[in-house]
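These are the residues of each chain, in order.
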Amino acid sequence: MAELSTVARPYAEALFAAACDDKAGLDLWAGLVNQMAQVAANADVREAMADPRLGDAERAQAFAGLLQGDVPKAARNFIDLLVENGRLLLLPEIAEQFVALKNRHEGTAQANITSAFEMTPEQVKDLLSALELKFGLKLKPQVTVDASLIGGVRVAVGDQVLDTSVQAQLARMRDTLAA
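Note that the structure is a prediction, hence the values are computed from the model and not measured. (Residues numbered from 1 in each chain as written. Predicted model: local features only at pLDDT ≥ 70, side-chain atom pairs only at ≥ 80, totals over all residues. Heavy atoms only, no water.)

Remarks on the environment of Arg154
Then comes step 1: Counting through the fold element by element, Arg154 comes out in strand E3 (residues 153-157).
Then comes step 2: Classification of Arg154 as partly exposed rests on a relative accessible area of 26%.
Then comes step 3: Taking the C-alpha atoms as reference points, Arg154 and Asn112, separated by 42 residues in sequence, lie 8.1 Å from one another.
Then comes step 4: Setting aside chain neighbours within four positions, we find Arg154 in contact with Asn112, Ile113, Thr114, Leu149, Val161, Leu162, Asp163, Ser165 and Gln167.
Then comes step 5: A polar side-chain atom of Arg154 sits 3.2 Å from a polar atom in the side chain of Gln167. (Helix = DSSP H or I, 4+ residues; strand = E, 2+ residues; numbered from the N terminus. Buried < 20%, exposed > 50% of the residue type's maximum accessible area, 1.4 Å probe, protein only. Contact = heavy atoms within 4.5 Å. Polar contact = N/O pair within 3.5 Å; in protein donor to acceptor, adjacent residues only side chain to side chain.)

Have a look at this one:
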């Protein structure tokens, strides 16, 4: 079976191309795609969308009805396409790839920062300045706290990881001593 990311990629790329052509803008589409992904990730929605008693049109209409606000015609068409191809539940992966395409288009990237302790806004700003120089991109931080790191931070930008945590240093020391 194909990886979910491989199956989701063409849908994300097609949606991104359509969003770029839409005068409503990428930010509106990013919000809409995120909302669709959240709805599709809900366990009750997943169960309802898998109900064999529902036809494709009913499934698409029910899903669109769960979205807040006015759903543009292009978004309804996208939902119809996903339902028709049995890919509606891929929306969380499609949304992730859509955001990655949007970030690449804007010259930015998501920086997932995991810290052993709560960071002040000033600390995050200083860390981002250094990371932006290292990665050559404008970074959007998402900070989480994980006490198991013991100290330091772990930063993931795309597929690159910078791990300066005490936990990682101890693991490297263990590996060196065991060799």
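What to know about the packing of helix H1 (residues 4-21) against helix H2 (residues 26-41)
Then comes step 1: At a minimum axis separation of 8 Å, H1 and H2 run at an interaxial angle of 140 degrees. Judged by the twist between their axes, the crossing of H1 over H2 is right-handed. Every residue of H2 that contacts H1 at Leu15, Phe16, Ala19 and Cys20 is listed here: Leu26, Trp29 and Val33.
Then comes step 2: Here the contact of H1 with H2 is composed, by residue class, of seven nonpolar, no polar and no charged. (Axes fitted to C-alpha atoms, helices over the stretch in contact; angles between N-to-C directions. Left-handed = near helix turned anticlockwise from the far one by under 90°. Nonpolar A, V, L, I, M, F, W, Y, C, P; charged D, E, K, R; others polar.)

Some remarks on the domain arrangement of the protein
Then comes step 1: Split into domains, the protein comes out as domain 1 (1-104) and domain 2 (108-178).
Then comes step 2: On a C-alpha basis, the centres of domain 1 and domain 2 stand 31 Å from each other. (Domains from an automatic or database assignment.)

Regarding the pairing of strand E2 (residues 138-145)
Then comes step 1: As judged from the eight bridges shared by strand E1 (residues 108-115) and E2, these two strands associate in the parallel manner. Bridged to Ala109 within E2 is Leu139.
Then comes step 2: Handedness of the crossover joining E1 and E2 through helix H7 (residues 121-135) is recorded here as right-handed. (Pairing = 2+ DSSP bridges. Right-handed = clockwise from strand over helix to strand, strands pointing away.)

A few points about the layout of surface pockets
Then comes step 1: Its boundaries defined by the atoms lining it, the largest pocket holds a volume of some 610 Å³.
Then comes step 2: Along the walls of the largest pocket sit 22 residues, with Glu96, Gln97, Val99, Ala100 and Gly158 positioned nearest its centre.
Then comes step 3: Listed by contribution, the elements that provide at least two residues to the lining of the largest pocket are H1, helix H6 (91-106), E1 and E3.
Then comes step 4: Counting residues per element, the lining of the largest pocket draws most heavily on H6, which supplies eight residues.
Then comes step 5: In this structure, the lining of the largest pocket is formed jointly by two domains, domain 1 (1-104) and domain 2 (108-178), each of which donates at least three residues. (1 Å grid on protein atoms, 1.4 Å probe; cavity = no way out; pocket = protein on both sides within 12 Å on 5 of 7 lines; lining within 4 Å. Points joined across faces, edges and corners; volume = space filled by probe spheres on them.)

Things to note about the pattern of salt bridges
Then comes step 1: Applying the stated rule across the entire model yields eight salt bridges.
Then comes step 2: The partner of Lys102 in a salt bridge is Asp27, with the nearest N and O atoms 3.1 Å apart. Placement of Lys102 in helix H6 and of Asp27 in helix H2 is noted, with a sequence separation of 75 residues between them.
Then comes step 3: Classification of Asp27 as exposed rests on a relative accessible area of 57%.
Then comes step 4: The closest approach of N and O atoms between Asp163 and Arg154, which form a salt bridge, is 3.0 Å.
Then comes step 5: Judged by relative accessible area, which is 21%, Asp163 ranks as partly exposed. (Salt bridge = Lys/Arg side-chain N within 4 Å of Asp/Glu carboxyl O.)

Let's talk about the nonpolar core
Then comes step 1: Judged by nonpolar contacts, the single largest core of 35 residues is most densely connected at Met36, Phe63, Ile79 and Phe98.
Then comes step 2: Listing elements by their share of this core, those giving two or more residues are H1, H2, helix H3 (43-49), helix H4 (56-65), helix H5 (73-84) and H6.
Then comes step 3: When residues in this core are grouped by element, the largest group, nine residues, is from H2.
Then comes step 4: Ignoring any residue separated from it by four or fewer positions in sequence, one finds Met36 in contact with Phe63, Leu67, Phe78, Ile79 and Leu91.
Then comes step 5: Counting 13 residues, the second largest nonpolar core, distinct from the first, contains Leu128, Leu131, Phe135 and Leu139. (Core = buried A, V, L, I, M, F, W, Y, C linked by side-chain atoms within 4.5 Å.)

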